[in-house]
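What follows is the residue order along each chain.
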Amino acid sequence: MGLNFQLIGYPIKHSLSPWIHQQFLRKANLEGTYVINEITPSESVKERIEQMKRDNVDGFNVTIPYKQEVIPYLDKIDDSAKNVGAVNTVLNKNGKLIGYNTDSIGYVRSLENKYPSLEGNQSVNILLLGAGGAARGIYYGLYQAGYKNIDIANRTQEKAVEIAKLGSRATTRIITLKDAEHDLLDYDVIIQTTSVGMKPNIHESIISIREVKPGTIVSDIVYQPIKTDFLTQAEVAGAKLHFGHTMLLYQAQYAFEIWTGETIQMEKMDKELQQILE
Ligand code: ATR
């Protein structure tokens, strides 16, 4: 039989998750499959989830556009999913479906794994660019991990205000994208959380990066292309880079851990995934 993991979303034909989780299964020496289970907009998410339950799937991932829609059909959701308001990982625990959000902690893991000196240095000044769903998850993950100085710059200020409510004891300034552009020297970590710059719009960048402090880490969650225009500007300014595809790997690592208890090490997979994406 083996373990049975699935991915729901639309469109997901080109998802990298099957490749990642099949590698994990192999590395953990576990028998099992991870397959895509696409739900087109005209189909019922509720029915598909009930079917997966009847089929006894061990767990599934949820991606766009169903990360919020699945919530009412689950038996329980943990604090991360509750606070972020989105589920990307579901565990079938003895017939009960439990929802988690591994994007948030996954992002922090990817960052701290690449830059271990950040861990234990949570007084660093962080700037988030954007205030969509991804920003919300990352803000929550950082806040939970102990980072308290997290500013948010967004085109629509109200959305940033909503996110800041997640971090009741955090010092968060809400600023404009123009201000962010001028104040980049204030930050140790700068994180681009929107889809701006993603293929095919590879020449777009949410702000211009002209100057950063030496040692500043600049991160972009976009991974197609691997090195966005935003990251290229950061590199020219002397920043250390953090690539978006690593978030994909670490959210998957944490999901696999929830499902199987196994934590996969993946320095090698990082390079392999880069090659697939290049
Ligand atoms: P999500 O993060 O929910 O997946 P997204 O579309 O990738 O969604 O990103 C949404 C975020 O990108 C929002 O913060 C949005 O700004 P608004 O809140 O003002 O709408 C931001 N965003 C998208 N396109 C943008 C652009 N061209 N310039 C600036 N910000 C942009």
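Residues numbered from 1 in each chain as written. Predicted model: local features only at pLDDT ≥ 70, side-chain atom pairs only at ≥ 80, totals over all residues.

In plain terms, the rule: UniProt positions are given in the numbering used here, feature names are shortened, and annotations may be inferred rather than shown by experiment.
As recorded in an unreviewed UniProt entry, the protein goes by Shikimate dehydrogenase (NADP(+)) and comes from Oceanobacillus halophilus. Looking at the protein in UniProt, the text filed under Pathway (unreviewed entry) is "Metabolic intermediate biosynthesis; chorismate biosynthesis; chorismate from D-erythrose 4-phosphate and phosphoenolpyruvate: step 4/7." Under the heading Sequence similarities (unreviewed entry), UniProt records this for the protein: "Belongs to the shikimate dehydrogenase family."

## Considerations on the overall build of the protein
Short version of the rule: The helix count covers DSSP runs of H or I at least four residues long, the strand count covers runs of E at least two residues long, and both are numbered beginning at the N terminus. Based on C-alpha atoms, the radius of gyration is set beside the globule rule, defined as 2.2 Å times the residue count to the power 0.38. Two residues qualify as being in contact provided that their C-beta atoms, derived from the backbone, are within 7 Å of each other.
Counting its regular elements, the protein contains ten helices and twelve strands. The C-alpha radius of gyration of the protein comes to 19 Å, within 12% of the 19 Å expected for a compact globule of 278 residues. Along the first, second and third principal axes, the C-alpha set of the protein runs to 55 × 40 × 35 Å. Sequence-distant contacts, at least 24 apart, represent 65% of the contacts inside the protein between residues at least 6 apart.

## Some words on the site of the ligand
What counts, and what does not: Residues are counted as near a molecule or strand when the C-beta atom, derived from backbone positions, lies within 6 Å of that molecule or strand. Three classes are used, and their members are as follows: Ala, Val, Leu, Ile, Met, Phe, Trp, Tyr, Cys and Pro are nonpolar, Asp, Glu, Lys and Arg are charged, and the others, Gly among them, are polar.
The environment of the ligand is made up of 14 residues, and the closest members are Gly132, Gly133, Arg155, Thr156 and Thr194. It is helix H5 (residues 133-144) that provides the largest number of residues to the shell around the ligand, a total of three residues. Along the lines of polarity and charge, the residues of the shell around the ligand split into five nonpolar, seven polar and two charged.

## Here we look at the UniProt feature "domain: Quinate/shikimate 5-dehydrogenase/glutamyl-tRNA reductase" (unreviewed entry) in the protein
In this structure's numbering, the residues bearing the UniProt feature "domain: Quinate/shikimate 5-dehydrogenase/glutamyl-tRNA reductase" (unreviewed entry) are residues 122-195. Helix makes up 35% of residues 122-195 and strand 19%, with an end-to-end C-alpha separation of 27 Å.

## Concerning the nonpolar core
To be explicit about the condition: We define the nonpolar core as any set of buried residues of the types Ala, Val, Leu, Ile, Met, Phe, Trp, Tyr and Cys, connected via C-beta atoms lying within 7 Å of each other. Buried means a residue has 20 or more other C-beta atoms within 10 Å of its own C-beta, exposed means 12 or fewer, and partly exposed covers the counts in between; C-beta atoms are placed from the backbone. Domain ranges listed in this record stem from an automatic or a database domain assignment.
Residues Ile126, Leu127, Leu128 and Tyr139 are the most contacted members of the largest nonpolar core, which totals 77 residues. Looking at which element gives the most residues to this core, the answer is helix H9 (residues 245-260), with nine residues. Split by domain, this core shows at least three residues from each of two domains, domain 1 (3-100 + 246-277) and domain 2 (105-243).

## Examining the sheet that holds strand E6 (residues 96-100)
For clarity, the threshold we go by: Any two strands are treated as partners once DSSP identifies two or more bridges connecting them. In this analysis an axis means a line fitted to C-alpha atoms, helices contributing only their contacting stretch, and an angle means the value between N-to-C directions, from 0 to 180 degrees.
The six strands lie next to each other as E2-E1-E3-E5-E6-E4, forming an open sheet whose pairing is mixed. For this open sheet the edge positions go to strand E2 (32-36) and strand E4 (76-77), each flanked by a neighbour on one side alone. Where strand E1 (residues 3-8) and E2 come together, five bridges link them in parallel fashion. Looking at the pairing, Gln6 lines up with Val35 of E2. Relative to the sheet, helix H1 (residues 17-27) contacts E1, E2 and strand E3 (59-62), its axis offset from that of E2 by approximately 175°. The strands touched by H9 within the sheet are E1, E3, strand E5 (89-93) and E6, with E5 carrying the most contacts at an inclination of about 5°.

## A word on the packing of helix H4 (residues 102-114) against H5
Note the following rule: Take the far helix as your reference; a near helix turned counterclockwise from it by less than a right angle gives a left-handed crossing, and one turned clockwise gives a right-handed crossing.
Axis separation between H4 and H5 bottoms out at 7 Å; the angle between their running directions is 60°. Pair H4 / H5 crosses with right-handed handedness. Where H4 approaches H5, its residues Asp103, Ser104, Ile105, Tyr107 and Val108 are matched on the opposing element by Gly137, Ile138, Tyr140, Gly141 and Leu142.

## What to know about the domain arrangement of the protein
Assigned domains within the protein: domain 1 (3-100 + 246-277) and domain 2 (105-243). In terms of residue count, H9 provides more of the side of domain 1 that touches domain 2 than any other element does, seven residues in total. Tallied by class, residues from the side of domain 1 that touches domain 2 come to eight nonpolar, six polar and no charged.

## Regarding the sheet that holds strand E10 (residues 189-192)
Within a sheet, adjacent strands bond to each other through the backbone by hydrogen bonds, running parallel or antiparallel. Spatially, six strands are ordered E9-E8-E7-E10-E11-E12 in an open sheet, and the strand pairing comes out parallel. Looking at the sheet topology across the chains shown, the edges are occupied by strand E9 (174-175) and strand E12 (240-242). Here four bridges tie E10 to strand E11 (residues 217-220), and the two strands are oriented parallel to one another. Bridged to Val189 within E11 is Ile217. H5 contacts strand E7 (126-129), strand E8 (150-153) and E10 of the sheet and is inclined by roughly 165° relative to E7.

## Re the confidence of the model for the protein
Our working rule: Along the chain, pLDDT gives the predictor's confidence residue by residue, from 0 to 100.
A residue-level look at the protein finds 100% of positions with pLDDT of 70 or above and a mean pLDDT of 97. Across the assembled chains, the prediction reports ipTM 0.95 with pTM 0.96.

## Regarding the UniProt feature "binding site: shikimate" (unreviewed entry) in the protein
Annotation from UniProt places "binding site: shikimate" (unreviewed entry) at Ser15, Leu16, Ser17, Thr63, Asn88, Asp103, Tyr223 and Gln251. Mapped onto the secondary structure, Thr63 falls in the loop between E3 and E4. When near neighbours in sequence (up to four residues on either side) are disregarded, Thr63 contacts Leu7, Gly9, Ile12 and Asn88. If you trace the backbone, Asn88 turns up in the loop between helix H3 (79-84) and E5. Excluding residues that lie within four positions of it along the chain, Asn88 makes contacts with Asn61, Val62, Thr63, Lys67, Asn101, Thr102, Asp103 and Gln251.

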